[in-house]
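Fold and contact review
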Amino acid sequence: GFKFSYQETPKQNNNPKMSAATDIGRIKVYHTTVVDKKGNLQANYTPSGRLRKLNLKSEKLLNNKRQNWLKITQYRLLNSDNSSLILNDKEAKLLEHNKHLAGKAHNLLIVISNLAGSELANKLAKHNIKTHYTEQLNWISGTTKSVVKKNRGSKWGHSQTSKAIEHSLLRTGIPTIK
């Protein structure tokens, strides 16, 4: 068989006059502001209702996962008196359920990131954008164990959303600066 591939060239942005800045968050997936050369506000963009519902669903999944992990920890503390290494049935079921929740949350975060990128690209295509600015996400990785532990749940989602937005905007001819 034959394999075909194509290379997409970005659209040229003729005579750009405005800039856009995006803040990526956990509750609101993104918040974007468009300003002209003089700094006058032209537009504010927030996620669509569909994207907000998907984000709320992912938050519920991650919250259920955290609650299950607390239960598992309690079961392990109760069983610490026993020298048996065999997990009881409830603990084993909760561990299995946690794996399932983690997979669902991971897949949902991929959908949310890609949808946020395409949605924002469609909204910004209406304006003559010169440059898109996004926040620097280096702080999320943290340097101490407590910071890494605290931010672990949203670390992947933020960087993935940032990459999806950057990729979608580049396809429409808008460069992103961090």
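Here goes a summary of the coordinates provided. (Residues numbered from 1 in each chain as written. Predicted model: local features only at pLDDT ≥ 70, side-chain atom pairs only at ≥ 80, totals over all residues. Heavy atoms only, no water.)

Another aspect to go through is the pairing of strand S3 (residues 41–45). Direction of pairing for strand S2 (residues 30–36) relative to S3: antiparallel, over a ladder of four bridges. For Val35, the partnering residue across the bridge sits in S3 and is Leu41. From the end of S2 to the start of S3, which pair antiparallel, there are four residues, and Gly39 there has a positive phi angle of about 90 degrees. (Pairing = 2+ DSSP bridges. Helix = DSSP H or I, 4+ residues; strand = E, 2+ residues; numbered from the N terminus.)

Turning our eyes to something else, we now look at the pairing of strand S4 (residues 129–134). Relative to S4, strand S1 (residues 18–24) runs parallel, the two being bridged by five bridges. Following the sheet pairing, Ser19 is matched in S4 by Thr131. Of the pairings in the sheet, the one linking S4 to strand S5 (residues 176–177) comprises two bridges and is parallel in character. In the sheet register, His132 faces S5, and the bridge partner there is Thr176.

Next up on the list: the pattern of salt bridges. A side chain with one charge can pair with a side chain of the opposite charge if their charged atoms come near. Taken as a whole and judged by the stated rule, the model has two salt bridges. We note a salt bridge from Glu166 to Lys178, for which the minimum N-O separation is 3.8 Å. Taken together, the residues span a long stretch of sequence, with Glu166 in helix H3 (residues 145–171) and Lys178 in the segment after S5 at a distance of twelve residues. Take Glu166: its relative accessible area is 31%, and that puts it in the partly exposed class. (Salt bridge = Lys/Arg side-chain N within 4 Å of Asp/Glu carboxyl O. Buried < 20%, exposed > 50% of the residue type's maximum accessible area, 1.4 Å probe, protein only.)

We now examine helix H1 (residues 49–78). Look at H1: 44 Å from first C-alpha to last across 30 residues, which is about the 44 Å you get at 1.5 Å a residue. Regarding H1, the residues found buried are Leu51, Leu54, Asn55, Ser58, Glu59, Leu61, Leu62, Asn68 and Ile72. (Expected span 1.5 Å × (residues − 1).)

The next point concerns the environment of Ile177. Tracing the backbone shows Ile177 in strand S5. Considering only alpha carbons, one finds Ile177 and Tyr133, 44 residues apart in sequence, at a separation of 4.8 Å. The contact partners of Ile177, leaving out residues within four places of it in the chain, are Thr131, His132, Tyr133 and Thr134. (Contact = heavy atoms within 4.5 Å.)

Mapped onto the fold, Asn40 is located in the loop between S2 and S3. Judged by relative accessible area, Asn40 falls into the partly exposed class, the value being 41%. Sequence separation between Asn40 and Met18 is 22 residues, and the spatial gap between their C-alpha atoms is 9.6 Å. When neighbours within four sequence positions are excluded, Asn40 is seen to be in contact with Val34 and Val35.

None of this, on its own, says anything about what the molecule does.
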